[in-house]
Amino acid sequence: GELVGRGIFRRLPVDGNVCPFVFTWSEDGTVWASGSGCSVFYNASLDGSENTEMKRFFDEDRFEVYAVRDIAKDEEVTHLYKSIEWRECFKDLKELRRRSIQIDGADIASSDADSARGSFAEYWNADHSAPTLENMMLDSDAGTMDRLERPEILSALPSLAGKRVLELGAGIGRFSGILAQKAGEVVAVDFVDSSCSENRRLNADCTNLQVMHADVTMLELKPNSFDLVFSNWLLMYLTDDEVRDFAKKVLTWLKPGGHLFFRESCFHASGNAARRFNPTQYRDPNAYSQMFSESVSADGSRFQLLATNCVESYAKMKGNVHQMWFRWEKIGPMASNRRMRILQTGQYTPAHCLRYEKIYGRSYIYTGGDEISQQILEHASPALAPGARCLDIGSGLGGTALYFATQRPDIFVHGVNHSGELYSFVAGRHVKQSREVRERLTFELAPEGGIPENELRYPPNSFDVIIIRESMMYLDYQDKPVLLQKASRLLRPGGRLIVVDYGFGKPDQDVNSLFREHLQEWGYFLMEPAEQRKLLQRYFEVEDTDATEHFVRFMDEGLANIEEHFGESALVRQNAGKDAEQLELIRSPLIGQMQAALPRLSADAVDDAVEAAMAKLNMHFDAERADAEVCKADYEWARRTWMLERRAAAEGDLRWTFFVAVKKGVAES
């Protein structure tokens, strides 16, 4: 965790898909920059043994490099090239990493599943087969870390009483015995025979524990036979295709309503154990979220993300926030309409989140960005004494919650999201916040909008302020009073509820038909402000302000951002195929230059080399054109949507209202 170096970045008008000497300098990988000092000379670690990581501050054009483990004297400073997976200029490096891992002078090709399994088997059965805690955790200080992290992992599990549990990648059984003590039955599986033997020895007194020696990729079990599938460091030893197959298998094995829990190392290695080679897949957390969110079984069952976070023990002890855990629930095809509507929209994929941010601003998917967050903060301030607690229901990309936490470092903020895609996206970013912010700002998933009894299940009078920003409109008419009743119970007497919401500006029957179709398409359930006020007055003293004029202004700002980032003048659309027409003109000069530089090269070899270069350039131009088409589609969608809502507001069909509601004191109520 020690600082190795820092510096500044300069943004450059180059394409990092072609030029390997620049860094990605935006979340969506469209901006490129070069760093000061030696930053551009750090080599990539191809075996997972990198010793540094770079923290990038895009808004400030600066970077900081931190050690992720002890760096020996004279050891080369290396880091992880995350973009090696998708940048064309790193194609050779990617192939080198995946196909040319050297073990005792022999190549292990990992281009097919059998070879990949062979490399993982070699990694564990030969190099790390000793049945010790240090080997399982690949860390010399495994005892200390185990004492800290094991209770944390167990605290994230659902109730095990009377449940049937499948533990995969069980190792020597550091979790098996505890699971067996709590559950009705545990089946623990590992593909290292010596680990299975040690698990049986250590947990010999657990009569409800069955230890199996098997490879998870070959495992076949009865459908609907387990309440919980648990793994700790398993999926990073599977290929992407194997993870997808694993997800489908687990959906089959789990009972309806059953849970899947897994924990993985993301981005880079964590332990300090020496590795002769390392075939481990250190993925981006969003990759796991996407693979499991997309998995659907033959009967229509799918996964719903319930919770995810970094392992705080590693964050505190090692400064490593890239140990991530996930807990999912199997949702059957007969799940509630409310939950299935959220699951099936696909509205909040990572690409779509980044698209919203270009329009609304970083960390926002709703109107007004920081300006409205500041207004909400001002309305909430009378209830925000030092130590106050704030609940943000429908927190989106976390913009309002983060604004409160950073503007008021003396309060605690908890954000609740209704979309697993949004929640996962926010969680991946949140772990990169400073420890001080992470300890005061937390996030949670409530996939049914906080309506059922098992959601928003906090003690009465838990919060001083509750925010519902552009979220009430997604609730059915019968669900709106349920959420407000819960908010009333959760607020302390004198606490404040701030609601910002869409409403009808006219009676429903007078609303423009195009706008009414838009509401149906997006799943909006609007009320007239008078009805909204009457509903709030059941529980609160209410003041409301018509802010539609400001809404129109924000729509105009959004339209300007849409033009800048997606319109015809957008860089990605301007540059698409711009040089493709000139491609043939460089063929002859290229042949001449190659012949001059390498005169002993045969004519056929020169022709082959030139053809390869031309083919690579054509691939680049094809990718540019594809990106431009996506950008154009985004432009048409966004402009149509923003224009429609702006027109609705300007013509009186849509009203945008601020409600400030105060919970009455005990004597008053």
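Residues numbered from 1 in each chain as written. Predicted model: local features only at pLDDT ≥ 70, side-chain atom pairs only at ≥ 80, totals over all residues. Heavy atoms only, no water.

### Examining the sheet that holds strand β12 (residues 209-213)
Ordered by their spatial adjacency, 7 strands build an open sheet running β12-β11-β10-β13-β14-β16-β15, and the pairing between neighbours is mixed. What marks the edges here is a single partner per strand, and that holds for β12 and β15 (302-310). Going across the sheet, the axis of each strand differs from the next one's by a mean of 15°, ignoring polarity. As paired elements, strand β14 (residues 254-265) and strand β16 (residues 323-331) share 7 bridges and run antiparallel to each other. Residue pairing in the sheet places Phe 261 in a bridge with Arg 327 of β16. (Pairing = 2+ DSSP bridges. Helix = DSSP H or I, 4+ residues; strand = E, 2+ residues; numbered from the N terminus. Axes fitted to C-alpha atoms, helices over the stretch in contact; angles between N-to-C directions.)

### A word on empty space enclosed by the protein
Here the structure, examined in full by the defined rule, presents 2 cavities of 30 Å³ or more. What lines the second largest cavity is simply Met 472, Lys 480, Leu 484, Val 499, Asp 501, Met 527, Gln 532, Leu 535, Leu 536 and Phe 659. Only α16 (480-490), β21 (491-504) and α18 (529-536) provide two or more residues apiece to the lining of the second largest cavity. Top element by residues in the lining of the second largest cavity is α18. It accounts for 3 residues. Its residues assigned to classes, the lining of the second largest cavity shows 7 nonpolar, 1 polar and 2 charged. (1 Å grid on protein atoms, 1.4 Å probe; cavity = no way out; pocket = protein on both sides within 12 Å on 5 of 7 lines; lining within 4 Å. Points joined across faces, edges and corners; volume = space filled by probe spheres on them. Nonpolar A, V, L, I, M, F, W, Y, C, P; charged D, E, K, R; others polar.)

### Digging into the pattern of salt bridges
Any two side chains of opposite charge can pair if their charged atoms end up close together. Using the criterion set out here, one finds 32 salt bridges in the structure. The partner of Arg 457 in a salt bridge is Glu 453, with the nearest N and O atoms 3.5 Å apart. One exposure class covers both Arg 457 and Glu 453, and it is exposed. Put simply, Arg 646 and Asp 556 hold a salt bridge, and the shortest N to O gap is 2.5 Å. Taken together, the residues span a long stretch of sequence, with Arg 646 in helix α22 (residues 603-650) and Asp 556 in helix α19 (residues 548-566) at a distance of 90 residues. A relative accessible area of 35% means that Asp 556 is categorised as partly exposed. Sharing partners across several salt bridges, the network here consists of Asp 146, Glu 149, Arg 150, Arg 174 and Arg 263. (Salt bridge = Lys/Arg side-chain N within 4 Å of Asp/Glu carboxyl O. Buried < 20%, exposed > 50% of the residue type's maximum accessible area, 1.4 Å probe, protein only.)

### Some thoughts on the pairing of β14
Here β14 lies mainly inside the structure; 9 of its 12 residues are buried. Crossover connection from strand β13 (residues 226-232) via helix α7 (residues 240-253) to parallel β14: handedness right-handed. (Right-handed = clockwise from strand over helix to strand, strands pointing away.)

### As for the confidence of the model for the chain
The predicted model of the chain averages 86 in pLDDT, with 88% of residues at 70 or higher. Below a pLDDT of 50 lies the segment residues 99-112, which in the model reaches 27 contacts outside its immediate sequence neighbourhood of four places, other chains included. (pLDDT = per-residue confidence, 0-100. Contact = heavy atoms within 4.5 Å.)

### Quick word on helix α4 (residues 142-155)
Between its first and last C-alpha atoms α4 spans 19 Å; for 14 residues at 1.5 Å apiece the expected length is 20 Å, and the two agree. The sharpest bend along α4 reaches about 30° and sits at Glu 149, with the proline Pro 151 one to four residues further on. Taken together, the buried positions of α4 are Ala 142, Met 145, Asp 146, Glu 149, Glu 152 and Ile 153. Among the structural elements, α3 (133-137), β13, β14, β15 and α9 (312-318) are those in contact with the buried residues of α4. (Expected span 1.5 Å × (residues − 1). Bend = angle between axes of the 7 residues up to and from the residue.)

### Let's talk about the nonpolar core
Counting residues in each nonpolar core, the largest one holds 132 residues, and the members touching the most others are Leu 168, Phe 246, Leu 260, Phe 292, Phe 404 and Trp 642. For Phe 404, the contacting residues outside a window of four places in its chain are Ser 373, Ile 376, Leu 377, Ala 380, Leu 384, Cys 390, Ile 411, Val 413 and Ile 467. Within the second largest apolar cluster, 26 residues are counted, among which are Ile 451, Leu 456, Leu 475 and Ala 661. (Core = buried A, V, L, I, M, F, W, Y, C linked by side-chain atoms within 4.5 Å.)

### Regarding the pairing of β15
Taking burial as the measure, the 9 residues of β15 include 8 buried ones, the bulk of the element. In this sheet, β16 lies alongside β15 in antiparallel orientation, the contact comprising 8 bridges. The residue of β16 that forms the bridge with Leu 305 is Trp 328.

### Focus on unusual backbone geometry
One non-glycine residue with positive phi stands out, namely Asn 224, at about 55°. Here Asn 224 is to be found in the loop between β12 and β13. The partly exposed category is assigned to Asn 224, whose relative accessible area is 42%. Positive phi, close to 55°, is recorded for Leu 456, a residue that is not glycine. A residue is classified by how much of its surface remains accessible, and Leu 456, at 3% relative accessible area, is buried.

### As for the sheet that holds strand β19 (residues 441-445)
Ordered by their spatial adjacency, 7 strands build an open sheet running β19-β18-β17-β20-β21-β23-β22, and the pairing between neighbours is mixed. The two strands at the open ends of the sheet, each matched to only one other strand, are β19 and β22 (540-546). Put simply, the sheet's adjacent strands are angled 15° from each other on average, direction ignored. Along the sheet face, helix α13 (residues 399-407) touches β17 (389-393), β18 (412-417), β19 and β20 (463-469) and points at about 160° away from the line of β19.

### Thoughts on the packing of helix α12 (residues 369-380) against α13
Relative orientation and spacing of two packed helices are given, respectively, by the angle between their axes and the distance between those axes. Contact geometry for α12 and α13: axes closest at 10 Å, N-to-C directions at 60°. The pairing of α12 with α13 is recorded here as oblique in orientation. Between α12 and α13 lies a crossing whose hand is right-handed. For the pair α12 and α13, contact is made by Asp 370, Ser 373, Gln 374, Ile 376, Leu 377 and Ala 380 and by Gly 399, Thr 400, Tyr 403, Phe 404 and Gln 407, respectively. Partitioning the contact of α12 with α13 into residue classes produces 5 nonpolar, 5 polar and 1 charged. (Parallel < 35°, antiparallel > 145°, perpendicular 65-115°, else oblique. Left-handed = near helix turned anticlockwise from the far one by under 90°.)

### Examining the side chain of Arg 408
Its place among the elements puts Arg 408 in the loop between α13 and β18. Its relative accessible area of 16% is what places Arg 408 among the buried residues. Only 2.9 Å separates the side chain of Arg 408 from the side chain of Asp 410, close enough to count as a polar contact. Look past the residues within four positions of Arg 408 in its chain and what remains in contact with it is Leu 377, Leu 384, Ala 385, Pro 386 and Arg 440. (Polar contact = N/O pair within 3.5 Å; in protein donor to acceptor, adjacent residues only side chain to side chain.)

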